[in-house]
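Summary of the model geometry
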Amino acid sequence: MAGGVVAQGEVKQYGGKVTLFVIVTCFVAASGGLIFGYDLGVSGGVTSMDVFLEEFFPGVFKKMKDASSKENQYCKFDSQLLTSFTSSLYLAGLVASLFASGVTRLLGRKVSMLFGGLVFLIGTAINAAAVNVAMLIIGRLLLGVGIGFANQSVPVYLSEMAPPQIRGALNIGFQLAITIGILAANFINYGTNKMKGSAGWRVSIGLAAVPALIMTVGSLFLPDTPNSLIDRGQKEQARDMLIKIRGTNHVEEEFQDLLDASEESRKVQHPWKNILERKNRPQLIMAIAIPALQQLTGINVIMFYAPVLFKTLGFGNDASLMSAAITGVVNVVATFVSIYCVDRYGRRFLFLEGGTQMIICQIAVGTIIGIKFGTVGSGSISKGEADLLLACICVYVAAFAWSWGPLGWLVPSEIFSLEVRSAGQSITVAVNFLFTFIIAQVFLALLCHLKFGLFYFFGGFVFIATLFIYFFLPETRNVPIEEMNRVWKAHWFWGKYIPDEEHDAQTTGQKPQWS
């Protein structure tokens, strides 16, 4: 389609091929997900270790070990101090992600990754050397800052570097890195739990420096994205980079579209104000709803509280850590399913199938726990029943890993126009951290009060999330980022929010004229 003319209902296709350079670059950038995943996995395992609880949370340790205690089994870990240790990271990440927007836009995506990695390393050192709860929480606040910068910049970087036809698969590399981080942490926790004294949990926490170093060093060698170079006035370098990542000299059409998008973005002096404009309403709603609903699926009940949850349900200490490791393996394997399917079958298909599977599993898990433990948490569970329970949780984790897990990051990162993209991604990350913080802060109390009904509670939110996707999310598969408004204009509900002049411009190849 020469000259950028696109027929009604069609999507512009650029030239070029998938190059080894862009694959390697996106692989290195996606490693930023390792720090988030490792922390998710390590925190739940460490907080289930006896020696860690005895040193920092003796009240919880006493309740757990006191055989004469009449404490409800569901309530043994209910401690606001313990939940503050876990959730403080996400509160810091929320604030950091908002500041990261300006850094990402003004200095580039790779600078945000570098800064995030360095701060995470400092937080890791403080946590590993902690001698009191204050040091633990200070360290976790710094970890949150590092993760906030990484989660804001990495998905944007991946979406801008990847060719449209495999953007979904490459962007999901970030989620794959998260799952690998979780898996590594689960197995490390299982091994370090056998070490004597405080060495075990200190090694578990200290090894977070490894993924942080991978991201920090890797960011030093990453090239800037063409979008970022253009945004900072380096047009020739941007064109050379586009040629390099597309593997062809015939990039004029795509390059011109990037220049046009950048020219429009330069007119925007206040992206945080502009993102509230009517024309950005559909994307803004998605940037808020998708990460919020992602956390309300209850996945973090499994991911960073898995050992605590399994221990509450009667699994031994080693068994609880190994069960968490098994769910980690499922999480990684299922993410590859998403990488294979996302650009073939689309985002909506994975969202809807995964949501349906998750609802069924949560009802099953809640029912099994309700039958075996009732409302007081007393009772026993046979090996066969424990295996069935673990299997249901694994099927639930698999569904999340090929739907809400990766797509919760992918879709928001690809739907915003350039002028508000950094602000939009910051909102996505901030909302994600806000709801992660809320879930982390209230989960143990909810488990104590709702008991097995907690799984029905989260299942209800998955039902709402699935309906939301069915009615309100258009398909964005294979759509170039600069052409994304076309799918919103064609949507039955969101079309009224997209100005006709922008839609007409994308249909005819002319630049829109905003009043």
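If you're wondering where the values come from, they're calculated on a predicted model, not measured in any experiment.

What to know about the overall build of the protein chain
Counting its secondary structure elements, the protein chain contains 25 helices and zero strands. Within the protein chain, buried positions represent 62% of all 515 residues. Expressed as a percentage of contacts within the protein chain between residues at least 6 apart in sequence, the contacts between residues at least 24 apart total 80%. Element-wise, carbon and sulfur atoms account for 67% of the exposed surface of the protein chain, whose accessible area totals about 18600 Å².

Thoughts on the packing of aromatic side chains
Evaluation of the coordinates by the stated rule reveals 26 aromatic pairs. Relative to Phe433, the ring of Phe36 lies with its centre 5.9 Å away and its plane at 65°, an arrangement referred to as edge-to-face. Pair noted here: Phe36 is in helix α2 (residues 33–46) and Phe433 is in helix α22 (residues 418–450), with a separation of 397 residues, a long-range link. Assessed through its relative accessible area of 5%, Phe36 is described here as buried. Aromatic ring contacts, followed pair by pair, group Phe468, Phe472, Trp488, Trp492, Phe493, Trp494 and Tyr497 into a single cluster. Positioned above the aromatic ring of Tyr340, the side-chain terminus of Arg344 is 3.9 Å from the ring centre.

Thoughts on the pattern of salt bridges
One pass over the full model with this rule turns up seven salt bridges. Salt-bridge contacts for Arg140 lead to Asp39; the nearest nitrogen and oxygen are separated by 3.0 Å. With Arg140 in helix α7 (residues 133–161) and Asp39 in helix α2, the pair connects residues that are 101 residues apart, well separated along the chain. The two residues Arg140 and Asp39 agree in class, both being buried.

Some remarks on the nonpolar core
Within the largest apolar cluster, 72 residues are counted, with the highest numbers of intra-cluster contacts made by Phe36, Phe52, Phe56, Phe57 and Tyr90. Grouped together as the second largest cluster of nonpolar side chains are 56 residues, Ala289, Ile469, Leu473 and Val487 included.

Looking at helix α9 (residues 199–206)
An α-helical segment advances 3.6 residues per turn. Residues three or four places apart therefore align on the same side. Looking only at α9, the buried set comprises Gly200, Trp201, Ser204 and Ile205. All buried residues of α9 fall inside an arc of 120° around its axis, so they share one side. Buried residues belonging to α9 abut α2, α3 (50–56), α6 (109–128) and α8 (167–192).

Looking at unusual backbone geometry
The residue Lys451 is not glycine, and still its phi comes out positive at about 60°. In this fold, Lys451 is placed in the loop between α22 and α23 (453–472). Phi at Asn478 takes a positive value of approximately 65°, unusual for a residue other than glycine. Assessed through its relative accessible area of 23%, Asn478 is described here as partly exposed.

Some points on the confidence of the model for the protein chain
In the predicted model, the protein chain carries a mean pLDDT of 82, and 85% of its residues have values of at least 70. Low pLDDT, under 50, characterises residues 1–11; the stretch is placed with 26 contacts to residues that sit more than four places away or in other chains. Low pLDDT, under 50, characterises residues 502–515; the stretch is placed with 29 contacts to residues that sit more than four places away or in other chains.

Thoughts on the side chain of Arg421
The topology assignment puts Arg421 in helix α22. A distance of 3.2 Å separates a polar side-chain atom of Arg421 from the backbone oxygen of Phe416. Beyond its immediate sequence surroundings of up to four residues, Arg421 is in contact with Val156, Glu160, Asn227, Ser413, Phe416, Ile481 and Glu482.

Regarding the environment of Gly346
Among the secondary structure elements, Gly346 is positioned in the loop between α18 (317–345) and α19 (347–373). Classification of Gly346 as buried rests on a relative accessible area of 0%. Taking the C-alpha atoms as reference points, Gly346 and Glu475, separated by 129 residues in sequence, lie 6.7 Å from one another. When neighbours within four sequence positions are excluded, Gly346 is seen to be in contact with Cys341, Glu475 and Arg477.

Looking at the packing of helix α1 (residues 20–30) against α7
Contact pair α1 / α7: the axes reach a minimum separation of 9 Å and the direction vectors enclose 170°. Of the possible angle classes, the one that applies to α1 and α7 is roughly antiparallel. Within the contact between the two elements, α1 uses Val22, Thr25, Cys26, Ala29 and Ala30 and α7 uses Val154, Tyr157, Leu158 and Met161. Classifying every residue of the contact of α1 with α7 by side-chain character gives eight nonpolar, one polar and no charged.

Observations regarding the side chain of Ser87
The residue Ser87 is located in helix α5 (residues 80–107) in this model. Sequence-distant contacts of Ser87, that is, excluding residues within four places in its chain, are made with Phe437, Ala440 and Gln441.

Some points on the packing of α7 against helix α21 (residues 404–414)
Two elements in contact, α7 and α21, have axes separated by 9 Å at closest approach and are oriented at 65°. With respect to α21, the element α7 is oriented roughly perpendicular. Along this stretch, α7 crosses α21, giving a crossing that reads as right-handed. On α21, the residues touching Asn151, Pro155, Val156 and Ser159 of α7 are Trp409, Ser413 and Glu414.

Rules used throughout
Residues numbered from 1 in each chain as written. Predicted model: local features only at pLDDT ≥ 70, side-chain atom pairs only at ≥ 80, totals over all residues. Heavy atoms only, no water. Helix = DSSP H or I, 4+ residues; strand = E, 2+ residues; numbered from the N terminus. Buried < 20%, exposed > 50% of the residue type's maximum accessible area, 1.4 Å probe, protein only. Contact = heavy atoms within 4.5 Å. Areas by Shrake-Rupley, 256 points an atom, 1.4 Å probe, with all protein chains shown as cover. Phe/Tyr/Trp six-rings, centres within 6.5 Å; stacked < 30°, edge-to-face > 60°. Lys NZ or Arg CZ within 6 Å of the ring centre and 35° of its normal. Salt bridge = Lys/Arg side-chain N within 4 Å of Asp/Glu carboxyl O. Core = buried A, V, L, I, M, F, W, Y, C linked by side-chain atoms within 4.5 Å. Arc of directions from axis to C-beta. pLDDT = per-residue confidence, 0-100. Polar contact = N/O pair within 3.5 Å; in protein donor to acceptor, adjacent residues only side chain to side chain. Axes fitted to C-alpha atoms, helices over the stretch in contact; angles between N-to-C directions. Parallel < 35°, antiparallel > 145°, perpendicular 65-115°, else oblique. Nonpolar A, V, L, I, M, F, W, Y, C, P; charged D, E, K, R; others polar. Left-handed = near helix turned anticlockwise from the far one by under 90°.

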